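Coordinate analysis (summary)
Next come the chains, spelled out residue by residue.
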Amino acid sequence: MHSFKSDYQTLYETDYLQWIETTVKKLRSQNYENVDWENLIEEIEDMGRSECRSLESNLIVVLLHLLKWQYQPEYRSGSWESSIIEHRRRIKKSLKESPSLKSYFESIFAEAYTEAVKQAKAETGLPLETFPIECLYELTEVVNDEFLPE
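Everything numeric here is computed off the predicted structure, so don't read it as measured data.

Section: the overall build of the chain
What the chain contains, in helices and strands, is six helices and zero strands. Counting from the amino terminus, helix and strand elements in the chain follow one another as α-α-α-α-α-α. Since a compact globule built from 150 residues should have a radius of gyration of about 15 Å, the 21 Å found for the chain marks it as more spread out than a globular shape. A buried classification covers 33% of the 150 residues belonging to the chain. In the chain, of all internal contacts separated by at least 6 residues, the share reaching a separation of at least 24 is 64%. For the chain, the exposed area adds up to about 9,600 Å²; of that, 54% sits on carbon and sulfur atoms. Of the side chains in the chain, 17 bear a positive and 28 a negative charge, and the two mean positions are spaced by 4 Å.

Topic: the packing of aromatic side chains
Under the definition given, this model contains six aromatic pairs. Where Tyr12 meets Trp19, the ring centres are 4.7 Å apart and the plane angle is 75°; that geometry is what we call edge-to-face. The residues Tyr12 and Trp19 share a single accessibility class, namely buried. Since its relative accessible area comes to 2%, Trp19 is described here as buried. Counting every residue linked through ring pairs, the aromatic cluster contains Tyr12, Tyr16 and Trp19.

Quick word on the packing of helix α4 (residues 78–97) against helix α5 (residues 101–124)
Running from N to C, α4 and α5 point in directions that differ by 135°, and their axes come no closer than 8 Å. When the axes of α4 and α5 are compared, the pair comes out oblique. Residues Ile91, Ser94 and Leu95 of α4 form the contact with α5, whose own contacting residues are Leu101, Lys102 and Phe105. Across the contact of α4 with α5, the residue classes tally to four nonpolar, one polar and one charged.

Focus on the environment of Lys92
Mapping Lys92 onto the fold places it in helix α4. In this structure the C-alpha to C-alpha distance between Lys92 and Pro132, which are 40 residues apart in sequence, comes to 25 Å. When sequence neighbours within four positions are dropped, the list of residues in contact with Lys92 reads Val143 and Asp145.

Overview of unusual backbone geometry
Phi is positive for Gln30, close to 60°, though the residue is something other than glycine. Looking at the element boundaries, Gln30 is found in the loop between α2 (16–28) and α3 (37–71).

Digging into the confidence of the model for the chain
On average, the chain scores 92 in pLDDT, and the residues at 70 or more come to 94%. Taken element by element, the predicted model of the chain shows its lowest mean pLDDT in helix α1 (residues 4–14) (71) and its highest in α5 (96).

So, the environment of Ala110
By secondary structure assignment, the location of Ala110 is in helix α5. Looking at Ala110, the relative accessible area reads 55%, which means it is exposed.

Reading guide: rules and limits
- Residues numbered from 1 in each chain as written.
- Predicted model: local features only at pLDDT ≥ 70, side-chain atom pairs only at ≥ 80, totals over all residues.
- Heavy atoms only, no water.
- Helix = DSSP H or I, 4+ residues; strand = E, 2+ residues; numbered from the N terminus.
- Rg over C-alpha atoms; globule rule 2.2 N^0.38 Å.
- Buried < 20%, exposed > 50% of the residue type's maximum accessible area, 1.4 Å probe, protein only.
- Contact = heavy atoms within 4.5 Å.
- Areas by Shrake-Rupley, 256 points an atom, 1.4 Å probe, with all protein chains shown as cover.
- Lys, Arg positive; Asp, Glu negative; His and termini not counted.
- Charge placed at Lys NZ, Arg CZ, Asp CG, Glu CD.
- Phe/Tyr/Trp six-rings, centres within 6.5 Å; stacked < 30°, edge-to-face > 60°.
- Axes fitted to C-alpha atoms, helices over the stretch in contact; angles between N-to-C directions.
- Parallel < 35°, antiparallel > 145°, perpendicular 65-115°, else oblique.
- Nonpolar A, V, L, I, M, F, W, Y, C, P; charged D, E, K, R; others polar.
- pLDDT = per-residue confidence, 0-100.

Listed below in structure tokens is the structure:
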């Protein structure tokens, strides 16, 4: 005989979507004693971490393309500009939907720039010394659709 908890754990591990649907039903019907709280709490925590990772990833892409735009002007293309616009849009949407991410965004800016420089070196073939150690772009410029470095 299986206990409820082990059946629910198995559902979580074998059919994630069904686990979500079952959990939502139980919450809506206020069947709180049968909710898989442990996994639900973990999922909610993961959602927050995922938002942070997504924001950081989009920031790195924007910084990378701004660096390439500035330091390889001969290769500028619509696809680079399109990528900058798209990832700026994602950043602004994240910050609009979760204003509390703004302080996180500010706190990871320098680290994201360092990561973007490493990637820019790899993608451009330019020496690491080509790129400034500290970011020359302001946070407001990075998310401003009108800004492209010359």
